[in-house]
Amino acid sequence: MADPGALRFTTVGASLRLVRNLWGRIAAAGNFRASHIVHPTYDRNEWARLGGPADCHFFREDLRLAMPEADPDLLASLEGGEEVPTIHNMILGDRVVCRLPYDEALRYATFLVRRLETLYRELSPAVVIGDFDALHSALGLAVARQQGLPWFALNFSVIPRGYAAFCSGLTPATAVMLEPGRKIEVHTLAEQTLQAFESRTTRAPAYLPPHLLSPGVMVDQVPAQLQSLFRVLERRRLKAYRKYSDYPKSYSLTGMLKEAARLRKNLLFLRGRRLMERAPPGQRYAFFGLHMQPEASIDVFAYFFSNQLRVVELMSRSLPPTHALLVKLHKSDVPNYSNEYLARLARFPGVRLISPYADTHELIRNADLVFAIQGTIGLEAALLGRPVIMFGDSPTLAFPSVSQLGNTTALPALVRAKLAERRPERERIVDGFAAYLAPFHPASHNDWNEVPGDAEIENYVRLFRAMERYISGGRRACA
């Protein structure tokens with residue numbers, strides 16, 4: 001049993017898998033006092049049916065709970081705090097709620113705020129552990145700020161994997177330096193990781209979806225699809241209440257069939273486009289890799305640049321005619337690219353579409369300039385010393401070759417300056433990488449299909465101890 005004086009933390013929005021395999025184990029190993037406000041897709045009956053721990057809390061005790069009238073004044077009162085986005089950006093950053101009629105989204109947001117206010121007062125945590133994704137996560141931060149509670153979310157490194165940092169806001173740029181002198185400690189790690197990346201023995205991981213048109217894959221997917229069909233039929237009876245937290249295809253048979261047809265249609269169109277290039281062209285070029293969408297890295301971390309068509313247009317308008325703009329499709333998002341979307345991208349001056357299966361490393365290495373909204377491509381380019389323009393607020397700004405866009409009308413001048421920029425010395429790249437890695441500590445990677453090992457849980461306990469010292473030292477999570 002946890003010591004009454006032990007650290008009390010409350011998680012917001014966790015799945016059953018995370019409560020069991022991560023947060024509960026961290027609490028047990030560290031002798032912490034943990035409570036959990038679980039993801040709003042669960043109510044008490046569903047949680048109990050799945051065998052979830054009994055000491056958890058719910059946004060809706062019963063999914064059939066009616067939403068209150070919208071309270072715009074209450075919602076507006078949460079805006080303006082440090083690192084708190086506007087309510088409209090919170091709604092648009094939620095891949096489910098953004099599909100609701102506006103009034104329903106406001107009613108749901110009002111409900112979430114009132115429930116969070118009540119639960120935070122009841123649970124009285126010393127710190128709230130949230131997430132980046134979904135409306136309930138952003139409101140969890142906003143309500144914590146209003147009540148003066150420290151709030152953190154875990155961010156995971158991609159190069160190298162297995163490290164995590166606590167962020168005090170809804171972007172990785174808010175990663176908190178929990179221990180002074182950490183930059184010196186990770187300098188050797190930065191040097192070794194850069195060597196491995198340059199030699200291509202280390203690379204950023206990427207999920208590759210199954211080839212939906214392959215007969216073998218289609219046959220292999222039959223059991224999973226039958227299970228999905230069973231779950232959809234089972235959940236349909238509550239579809240009017242699941243619309244706030246679940247994709248329509250998770251409770252609508254029609255939605256599931258339409259989605260499957262849409263994905264396969266897009267793949268057929270993509271297969272027919274034979275003009276997409278795979279290798280760096282003979283001319284000079286700037287490079288941009290499309291983000292997977294919806295995805296927190298763009299819809300939450302850089303919400304003012306989430307319209308990627310608009311961003312590509314800005315790049316195209318800002319480049320001189322000496323350079324092409326290579327736009328690479330995201331290999332994890334191939335089924336979502338419609339023929340119409342690709343045609344709109346290709347209409348901008350100088351744009352050339354690049355196959356999702358092209359070698360990103362070579363395309364970055366040979367680019368005169370790399371654009372990135374957020375995400376891994378900006379980091380990869382910075383590691384190779386290529387000039388980078390970031391659209392969103394990013395921790396890669398620690399690297400000497402990375403600049404952030406300010407006013408959009410200044411982009412042409414920034415492009416010209418970056419094209420004339422000399423490659424930084426390798427020592428400066430290593431130093432920038434060490435600054436980038438300084439907030440990170442050993443933990444695990446964030447593929448939750450794999451259960452963290454006991455040694456990894458002990459790493460998380462050490463990370464929590466460092467966070468506890470940080471808070472008790474008077475440095476709040478909003479610092």
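Note on numbering: residues in each chain are counted from 1, in written sequence order. Only residues with pLDDT of at least 70 get local features here, since the model is predicted, and only at 80 or more are side-chain atom pairs given and counted; chain-wide, interface and lining totals rely on the full set of residues. By convention in this description, side-chain values take in all heavy atoms of the structure and omit both hydrogens and water.

Another point: the packing of helix α8 (residues 187-198) against helix α19 (residues 426-437). The geometry of a pair of packed helices is captured by two quantities: the angle between their axes and the separation between those axes. Only the stretch in contact is used when a helix axis is fitted, and all axes are lines through C-alpha atoms; the angle between N-to-C directions ranges over 0 to 180 degrees. Starting at the N terminus, helices and strands are each numbered in turn, a helix being any DSSP run of H or I of at least four residues and a strand any DSSP run of E of at least two. Following both chains from N to C, one finds α8 and α19 inclined at 115 degrees, their axes separated by 8 Å at the closest point. For the pair α8 and α19, the sense of crossing is right-handed. Contacts between α8 and α19 involve H187, L189, A190, E191, T193, L194, Q195 and E198 on the former and, on the latter, R426, I429, V430, D431, F433, A434 and L437. Note on residue categories: nonpolar means Ala, Val, Leu, Ile, Met, Phe, Trp, Tyr, Cys or Pro, charged means Asp, Glu, Lys or Arg, and polar means any other residue, Gly included. Per-class residue counts for the contact of α8 with α19 are eight nonpolar, three polar and four charged. The hand of a helix crossing depends on one turn: near helix anticlockwise from the far one by less than a right angle means left-handed, and clockwise means right-handed. Contact between two residues is taken to exist if any of their heavy atoms lie within 4.5 Å; hydrogens are not considered.

This next bit is on the sheet that holds strand β10 (residues 369-372). Strand pairing requires that DSSP identify at least two bridges connecting the strands. Strand order in this open sheet of six strands is β9-β8-β7-β10-β11-β12, and the pairing throughout is parallel. Only two strands of the sheet have a single partner each, and these edge strands are β9 (351-354) and β12 (402-404). Sheet twist, expressed as the mean angle between neighbouring strand axes with direction ignored, is 25 degrees. Looking at chain direction, strand β8 (residues 324-328) and β9 are connected through four bridges and run parallel. Across the sheet, the residue bridging to L326 is R352, located in β9.

Our focus in this paragraph is the layout of surface pockets. Taken as a whole, the second largest pocket encloses approximately 510 Å³ of empty space. As for the second largest pocket, its lining consists of 27 residues, and the residues nearest its centre are Q293, P294, D299, S306 and Q308. At the level of secondary structure, the elements contributing two or more residues to the lining of the second largest pocket comprise α4 (87-92), α13 (296-299) and α14 (308-318). Looking at side-chain class alone, the lining of the second largest pocket contains 10 nonpolar, nine polar and eight charged residues. Space inside and on the surface of the protein is sampled on a 1 Å grid over the protein atoms alone, with a cavity defined as a set of points where a 1.4 Å probe fits but cannot get out and a pocket as an open set with protein on both sides within 12 Å along at least 5 of 7 lines; lining residues have an atom within 4 Å of a point. Grid points are joined across faces, edges and corners, and a volume is the space filled by probe spheres set on the points.

Right, let's talk about the sheet that holds strand β3 (residues 56-57) for a bit. If you walk across this open sheet you meet the seven strands as β3-β2-β1-β4-β5-β6-β13, and the pairing is mixed. With partners counted over all chains shown, the strands left at the sheet margins are β3 and β13 (441-442), one partner each. With two bridges connecting them, strand β6 (residues 163-167) and β13 associate as antiparallel partners. Note on β13: the bridge partner recorded for Y163 is P442.

The interhelical angle for the contact between helix α1 (residues 16-30) and helix α20 (residues 454-472), taken along N-to-C directions, is 70 degrees, at an axis separation of 9 Å. Between α1 and α20, the crossing angle belongs to the class labelled roughly perpendicular. On the side of α1, the interface is formed by N21, L22, W23, R25, I26, A29 and G30, while α20 contributes D454, I457, E458, Y460, V461, F464 and R465. Residue classes in the contact of α1 with α20 are distributed as eight nonpolar, two polar and four charged. Oblique is the label for any angle not under 35 degrees, not over 145, and not in the 65 to 115 range, which are roughly parallel, roughly antiparallel and roughly perpendicular in turn.

What follows deals with empty space enclosed by the protein. Inspection of the entire model under this criterion finds one cavity of 30 Å³ or more. Each pocket or cavity is described by its volume, and for the largest cavity that value is around 70 Å³. Together, P85, N89, M90, G93, F132, A134, A138, L170, D299, V300 and Y303 line the largest cavity. Its residues assigned to classes, the lining of the largest cavity comprises eight nonpolar, two polar and one charged.

This part is about α1. A helix is expected to span 1.5 Å multiplied by its residue count minus one. Here α1 contains 15 residues, and its C-alpha end-to-end distance of 20 Å stays within 8% of the 21 Å for a straight helix at 1.5 Å per residue. We define the bend at any residue as the angle between the axes fitted to the seven residues before and including it, ending there, and the seven starting there. For α1, the principal kink sits at G24 and spans about 35 degrees.

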